[in-house]
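Close look at the chain arrangement
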Amino acid sequence: MKNVFRTALCAALWGLTITGGAGAATAYRVQSGDTLSQIAARSGLSVAQVQAANPKLKGKTSVQAGWVLTLPARPGAASTYRVRSGDNLSVIARRSGLTLTQLLRANPQYAGGKAIQVGATVRIPARSGVTSGATASRTPAAAVRSASTSGRGDTWLWPLGNYQTISSGFGERTLEGSDEMHYGVDIVAPLGTLVRAARAGQVLESRPDYARGWGWTVVIEHPDGWITRYAHLSANLVRKGENVNRGQSVGRVGNTGRSTGPHLHFGTYLRWSPRNPLGLY
Ligand SMILES: [Zn+2]
């Protein structure tokens, strides 16, 4: 173990890391003399499709030799992808030029944050599908608007009072040499500190989930589609199905599951689409 991993954080949550692998999409290293439009044309894609699959190309049409680009599978045909060690659904979605929501819609068996197993088959829907495309483009904006509106009347409570040190933020990070997505923030606090519900809602899960690295975890569904997860607990103080108030104690800080020291993993999702908790405070 290198020093950097001794801080308290989730170690490879979901047990999944990004280690490459192409599947439905392929990786392409830009050669000297390449242009984006040539690369796109050779792959049967539009420039916009290549841009959508590669965040670094946002608003850009020039490429540099040496860059590795994700070339999504050609649109128009649904395909399947066999999950490899190191994959997670967000990564597969991004490589395929899809949003996580679009991928989950085509694979409802993974809705609700269920883990994917190596060797499982994931359906990669055609991105040009008119029906799903129209639905997908309409939903997120409306959902975000309603959430921020209701957020004013029902503000988010920080689950750990004055403990605000983040040992690992939301998003892509490198852990033990591999890149992975971290769908939440890790907040450092002493073992046993009470964890409070960020908002009122109903307990969706209160159980040990070692398979996915969460350890003892509580998941609360809030009335407007937001979901919060509290993980690595040393004690769960609520039961599944119970209604909880904003600020109610739901558990105690622990070090269970894939965790390298006492901390709370706090995850926020809008209809299971991961969002950065810090964007809500
Ligand atoms: Zn975490």
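Residues numbered from 1 in each chain as written. Predicted model: local features only at pLDDT ≥ 70, side-chain atom pairs only at ≥ 80, totals over all residues. Heavy atoms only, no water.

On to the overall build of the protein. Counting its regular elements, the protein contains 5 helices and 17 strands. Within the span of the protein, comprising 281 residues, buried residues form 46% of the whole. Of the contacts formed within the protein by residues at least 6 apart in sequence, a portion of 67% connects residues at least 24 apart. Taken as a whole, the protein presents about 13,100 Å² of accessible surface, with 53% of it coming from carbon and sulfur. (Helix = DSSP H or I, 4+ residues; strand = E, 2+ residues; numbered from the N terminus. Buried < 20%, exposed > 50% of the residue type's maximum accessible area, 1.4 Å probe, protein only. Contact = heavy atoms within 4.5 Å. Areas by Shrake-Rupley, 256 points an atom, 1.4 Å probe, with all protein chains shown as cover.)

All chains considered together, the criterion is met by 5 salt bridges. One salt bridge connects Arg 207 with Glu 205, and the closest N-O pair in it is separated by 3.2 Å. Under the relative-accessibility criterion, Arg 207 is labelled partly exposed at 34%. Assessed through its relative accessible area of 12%, Glu 205 is described here as buried. Bridged by salt links that share partners, the residues Glu 205, Arg 207, Asp 209, Arg 212 and Arg 229 form one connected network. (Salt bridge = Lys/Arg side-chain N within 4 Å of Asp/Glu carboxyl O.)

Quick look at the packing of aromatic side chains now. For the structure on display, the rule yields 8 aromatic pairs. Considering the side-chain rings of Trp 158 and Phe 266, the 6.3 Å spacing of their centres and the 80 degrees angle between planes classify their relative orientation as edge-to-face. Note that Trp 158 is positioned in the loop between α5 (130–153) and β5 (166–168) and Phe 266 in strand β16 (residues 263–270), a separation of 108 residues in sequence. Exposure class is identical for Trp 158 and Phe 266. Each is buried. Considering the side-chain rings of Trp 158 and Tyr 281, the 5.1 Å spacing of their centres and the 85 degrees angle between planes classify their relative orientation as edge-to-face. With Trp 158 in the loop between α5 and β5 and Tyr 281 in the segment after β17 (273–275), this residue pair connects regions lying 123 residues apart in the sequence. (Phe/Tyr/Trp six-rings, centres within 6.5 Å; stacked < 30°, edge-to-face > 60°.)

Sheet faces and side chains relate simply in a regular strand, where the side chains alternate between the two faces. Most of strand β12 (residues 226–233) sits out of view: 8 of its 8 residues are buried. In sequence, strand β11 (residues 215–221) turns back onto β12 through a hairpin of 4 residues, with Gly 225 there showing a positive phi of about 100 degrees. One ladder, built from 6 bridges, connects β12 with β16; its direction is antiparallel. Bridge pairing in β16 places Trp 226 opposite Leu 270. (Pairing = 2+ DSSP bridges.)

By size, the foremost hydrophobic cluster in this structure holds 22 residues, and its most contacted members are Leu 160, Val 195, Val 218, Tyr 230, Val 250 and Leu 264. Looking at this core, the elements with two or more residues in it are β8 (185–188), β11, β12 and β16. In this structure, Val 83, Leu 100, Leu 104 and Val 122 belong to the second largest nonpolar core, which totals 14 residues. (Core = buried A, V, L, I, M, F, W, Y, C linked by side-chain atoms within 4.5 Å.)

Across 3 bridges, the pairing between strand β9 (residues 194–196) and strand β15 (residues 249–252) is antiparallel. Across the sheet, residue Leu 194 finds its bridge partner in β15, namely Arg 252. Where strand β13 (residues 235–236) lies against β15, 2 bridges are found, and the strand directions are antiparallel. Looking at β15, one finds that Ala 235 is bridged to Arg 252.

To continue, consider the environment of Ala 211. Along the chain, the position of Ala 211 falls in the loop between β10 (201–209) and β11. We classify Ala 211 as exposed; its relative accessible area is 68%. Placed 47 residues apart in sequence, Ala 211 and Arg 258 show a C-alpha to C-alpha distance of 9.5 Å.

On to the sheet that holds β13. Pairing is antiparallel across the open sheet formed by 3 strands, whose spatial order is β9-β15-β13. At either end of the open sheet lies a strand with only one pairing partner, and these are β9 and β13.

Structurally, the position occupied by Ser 259 is in the loop between β15 and β16. In terms of polar contacts, Ser 259 uses its side chain to reach the side chain of Asn 255, at 2.6 Å. (Polar contact = N/O pair within 3.5 Å; in protein donor to acceptor, adjacent residues only side chain to side chain.)

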